[in-house]
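Residues per chain are reported as follows:
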Amino acid sequence: MPKNKSIKSILIIGSGPIIIGQACEFDYSGTQAIRSIREEGIEVVLINSNPATIMTDPTMADHVYLKPLTTKSIVEILKKHDIDAVLPTMGGQTALNLCIEADDKGIWEDFNVDIIGVDIDADRKSVV
């Protein structure tokens with residue numbers, strides 16, 4: 001798949017609070033995604049409410065926000081940064097649910113943010 005050169009910045013949504021020994025795959029996959037995206041010269045903005053992860057290390061992303069995983073926090077970040085796309089798949093179901101909620105509220109459309117890495121309509125059907 002060719003690189004989408006229109007994407008200059010990506011918001012990654014983390015998985016939030018986790019229990020020790022649980023969901024470490026989200027931290028690992030998120031960390032690797034951040035590294036790969038930055039290697040491509042794309043700015044990475046990360047939101048996660050859990051400071052006890054590798055992905056929230058200040059050296060990982062260009063901008064790290066330790067904030068509650070809410071649509072209010074998402075809007076605050078989108079007002080500060082010109083985000084082209086959101087990648088919610090690095091934060092498991094927590095991030096996907098937040099992405100769906102933001103989509104339902106029209107936040108992504110309001111800020112002209114594309115959702116990448118997931119078909120949000122297909123995922124919307126799987127949320128219980």
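Before any of the text, the structure's been laid out above.
This is a predicted model, so every value here is computed, not measured.

**A few points about the overall build of the protein**
Next up, step 1: Helix and strand counts for the protein come out as five helices and five strands.
Next up, step 2: Moving toward the C terminus, one meets the helices and strands of the protein in the order β-α-β-β-α-β-α-α-β-α.
Next up, step 3: Within the protein, the fraction of its 128 residues that count as buried is 45%.
Next up, step 4: Restricting to contacts in the protein with at least 6 residues of sequence separation, those with at least 24 account for 66%.
Next up, step 5: Accessible surface, the protein as shown: approximately 7,200 Å² in total, 54% of it carbon and sulfur.

**A word on helix α2 (residues 71-80)**
Next up, step 1: Those residues of α2 that sit buried are Thr-71, Ser-73, Ile-74, Val-75, Ile-77 and Leu-78.
Next up, step 2: Contacts made by the buried residues of α2 are with β1 (9-13), β2 (43-48), β3 (63-66), α3 (92-104) and α4 (107-110).

**A closer look at the nonpolar core**
Next up, step 1: If you look at the biggest cluster of nonpolar residues, it comprises 21 residues, and the most contacted ones within it are Leu-11, Ile-13, Ile-47, Ile-74, Leu-78, Val-86 and Trp-108.
Next up, step 2: Of all the secondary structure elements, the ones that give two or more residues to this core are β1, β2, α2, α3 and α4.
Next up, step 3: No other element matches the five residues that α3 contributes to this core.
Next up, step 4: Excluding its chain neighbours within four sequence positions, the residues that come into contact with Ile-47 are Leu-11, Ile-12, Ile-13, Gly-14, Tyr-65, Lys-67, Pro-68, Leu-69, Ser-73, Ile-74 and Ile-77.
Next up, step 5: Of all hydrophobic cores here, the second largest spans 15 residues; its members include Ile-34, Ile-42, Val-44 and Met-60.

Each value, and the rule that gives it
Chains are numbered independently. Their residues run from 1 in the order of the written sequence. Where totals are concerned, whole chains, interfaces and linings use all residues; where local detail is concerned, this predicted model gives features only for residues with pLDDT of at least 70, and gives and counts side-chain atom pairs only at 80 or more. Heavy atoms throughout the structure, all of them, feed into the side-chain values; hydrogens and water do not. Put simply, DSSP H or I for four residues or longer makes a helix, DSSP E for two residues or longer makes a strand, and each gets a number counted from the N terminus. Three labels apply to residues, based on accessible area from a 1.4 Å probe with only protein chains included: buried if under 20% of the type maximum, exposed if over 50%, partly exposed otherwise in between. Should any heavy atoms of two residues lie within 4.5 Å, those residues are counted as being in contact. Each accessible area value is a Shrake-Rupley result obtained with a 1.4 Å probe; residue values ignore everything except the protein chains displayed when judging cover. To qualify as a nonpolar core, a set must consist of buried Ala, Val, Leu, Ile, Met, Phe, Trp, Tyr and Cys residues joined through side-chain atoms within 4.5 Å.

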